[in-house]
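# Descriptive structure summary
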Amino acid sequence: MAAPRPPRFDARTREMAEEVARTAAAAADWPALAAAASPCVACPELATTRQHVVVGDPPARGPARFALIGEAPGANEDETGRPFVGRSGQLLDLLLAEAGLDRAEAAVLNIVKCRPPGNRTPKTPEVARCSGWLRRQLELLDPPVVVALGLSSAKWFLGPRTVLAEARGRPHDVGGRAVWATYHPSAAIRFGPAGAPRAGLLADLTSVAASLR
C-alpha cells in the first residue's frame, strides 16, 4: 500500500509551523520551552479565544516513565492552565490508579496547546502549527512509552488514516517509543460507566502498566 500523502498547507501555515519548530528547538530545558510556548500566537483564532496556553505537565516525580497525550485543552484546562484537570482528568486519574499507573511518573500533554472554541476538534493546520512544541517536549522528556488518548492523538503518531479500533490494544514502535493508542477519557464519559470506551481505556492502561514492569 502506498504511503499516505502528507497534508498540504498554505504558505502562512508552513511559515508559522517552521517558526514554532525553530523556537521550540532552541529551548534548552522544560522551563525555557514553557516560557517560549506561553505567548504563542501561531493560531490566530485560538490565540484570540484562549485564556491560557496549556503547555503541559512534566512528571511530578523523577524522569518520565510514560507520557499521556490528549487532543487539546478543555474549559477547565483553559481556565487553570493545566492539562486534564476537569471531568476527563478526574476519570483518567481514577483509571490510572485502577490500572496500577502513577500520574506523578507521567508527562501529561496535548497535541494542541490552546483550547479550540466550543471544544471543537483541532483543525489540521492548527495541529501542524503546534506540533513543534510537542516534538521538543518529547525530546526533552524522552518517555519510553506514550499513551495516545483519542483519535487526534493517535493520528499524530500513527498517521492520518489511523482507525482507533484497529490501532488500540498493542504497542506501535514510533521513533523508538512504544505508542499505545486508546480512547480519550471524554469518550468514556459520553458512553457511561458500562460503555465500551471506558472498558477499553482501562484495559489498555492495564496493558501499559504491565509493559512498564
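Source: prediction; values computed, not measured.

## Some thoughts on the nonpolar core
Ile69, Trp133, Val146 and Phe157 are the most contacted members of the largest nonpolar core, which has 32 residues in total. Of all the elements in the fold, those that place two or more residues in this core are helix 1 (11-25), helix 2 (30-37), strand 1 (66-70), strand 2 (106-110), helix 6 (124-141) and strand 3 (145-149). Of the residues forming this core, the biggest block, 5 residues, is contributed by helix 6. Ignoring anything within four residues of it in the chain, the contact list for tryptophan 133 reads Val20, Thr23, Ala24, Leu33, Ala36, Ala37, Cys40 and Lys113. Ranked by size, the runner-up nonpolar core spans 26 residues in total, among them Phe84, Leu92, Ala181 and Ala188.

## Considerations on the UniProt feature "domain: Uracil-DNA glycosylase-like" (unreviewed entry) in the protein chain
Under the UniProt annotation, the feature "domain: Uracil-DNA glycosylase-like" (unreviewed entry) is placed at residues 55-206. Secondary structure over residues 55-206 splits into 44% helix and 16% strand, and the C-alpha atoms at its two ends are 27 Å apart.

## Details of the pairing of strand 5 (residues 177-182)
Counting buried positions along strand 5 gives 5 out of 6 residues, so the element sits mostly inside the fold. Bridge count between strand 3 and strand 5: 5 bridges; the pairing is parallel. Residue pairing in the sheet places leucine 149 in a bridge with threonine 182 of strand 5. Across 4 bridges, the pairing between strand 4 (residues 171-174) and strand 5 is antiparallel. The partner of histidine 172 across the bridge, within strand 5, is valine 179.

## Quick notes on the sheet that holds strand 2
Taken together, the 5 strands give an open sheet; going across it, the order is 2-1-3-5-4, and neighbouring strands pair in mixed fashion. A strand with exactly one partner marks an edge of an open sheet, and here the two such strands are strand 2 and strand 4. Pairs of neighbouring strands in the sheet enclose a mean axial angle of 25 degrees, with direction left out of account. Each of strand 1, strand 3 and strand 5 touches helix 10 (residues 196-212); the most contacted strand, strand 5, lies at about 165 degrees to it.

## Here's the deal with unusual backbone geometry
In terms of backbone geometry, most residues other than glycine have negative phi values and most peptide bonds are trans. In this model, phenylalanine 84 sits at a positive phi of 50 degrees, which is unusual for a non-glycine residue. Assessed through its relative accessible area of 6%, phenylalanine 84 is described here as buried. Backbone geometry places asparagine 119, a non-glycine residue, at a positive phi of 60 degrees. Residue position: asparagine 119 is located in the loop between strand 2 and helix 6.

## Focus on the packing of helix 1 against helix 6
The interhelical angle for the contact between helix 1 and helix 6, taken along N-to-C directions, is 10 degrees, at an axis separation of 8 Å. Judged by the angle between their axes, helix 1 and helix 6 are roughly parallel. Side by side, helix 1 and helix 6 meet where Thr13, Met16, Ala17, Val20, Ala21, Thr23, Ala24 and Ala25 of the first sit next to Pro125, Ala128, Arg129, Gly132, Trp133 and Arg136 of the second. In terms of residue class, the contact of helix 1 with helix 6 is made up of 9 nonpolar, 3 polar and 2 charged.

## Re the environment of arginine 198
Assignment of secondary structure puts arginine 198 in helix 10. For the pair arginine 198 and arginine 14, spaced 184 residues apart in sequence, the C-alpha separation works out to 37 Å. Setting aside residues no more than four positions away along its own chain, arginine 198 makes contact with Leu91, Leu94, Leu95, Glu98, Ala188, Gly192 and Pro193.

## Quick word on empty space enclosed by the protein
Summed over the entire model, instances satisfying the criterion amount to 1 cavity of 30 Å³ or more. The volume enclosed by the largest cavity comes to roughly 90 Å³. Those elements that place two or more of their residues in the lining of the largest cavity are helix 3 (44-49) and helix 6. The residue makeup of the lining of the largest cavity, split by class, is 12 nonpolar, no polar and 2 charged.

## A short note on the confidence of the model for the protein chain
Close inspection of predicted coordinates is inappropriate for parts of the model with low pLDDT. Mean pLDDT over the protein chain works out to 95, with 96% of the residues at or above the 70 mark. Overall, residues 1-5 carries pLDDT values under 50, and its contacts beyond four positions in sequence, including any with other chains, amount to 4 contacts.

## Things to note about the packing of aromatic side chains
Under the definition given, this model contains 1 aromatic pair. Taking 4.9 Å as the distance between ring centres and 75 degrees as the angle between the ring planes, the aromatic pair formed by tryptophan 156 and phenylalanine 157 counts as edge-to-face. For phenylalanine 157, a relative accessible area of 12% gives the class buried.

Parameters at a glance
- Residues numbered from 1 in each chain as written.
- Predicted model: local features only at pLDDT ≥ 70, side-chain atom pairs only at ≥ 80, totals over all residues.
- Heavy atoms only, no water.
- Core = buried A, V, L, I, M, F, W, Y, C linked by side-chain atoms within 4.5 Å.
- Buried < 20%, exposed > 50% of the residue type's maximum accessible area, 1.4 Å probe, protein only.
- Helix = DSSP H or I, 4+ residues; strand = E, 2+ residues; numbered from the N terminus.
- Contact = heavy atoms within 4.5 Å.
- UniProt positions renumbered as here; feature names shortened; annotations may be inferred.
- Pairing = 2+ DSSP bridges.
- Axes fitted to C-alpha atoms, helices over the stretch in contact; angles between N-to-C directions.
- Parallel < 35°, antiparallel > 145°, perpendicular 65-115°, else oblique.
- Nonpolar A, V, L, I, M, F, W, Y, C, P; charged D, E, K, R; others polar.
- 1 Å grid on protein atoms, 1.4 Å probe; cavity = no way out; pocket = protein on both sides within 12 Å on 5 of 7 lines; lining within 4 Å.
- Points joined across faces, edges and corners; volume = space filled by probe spheres on them.
- pLDDT = per-residue confidence, 0-100.
- Phe/Tyr/Trp six-rings, centres within 6.5 Å; stacked < 30°, edge-to-face > 60°.

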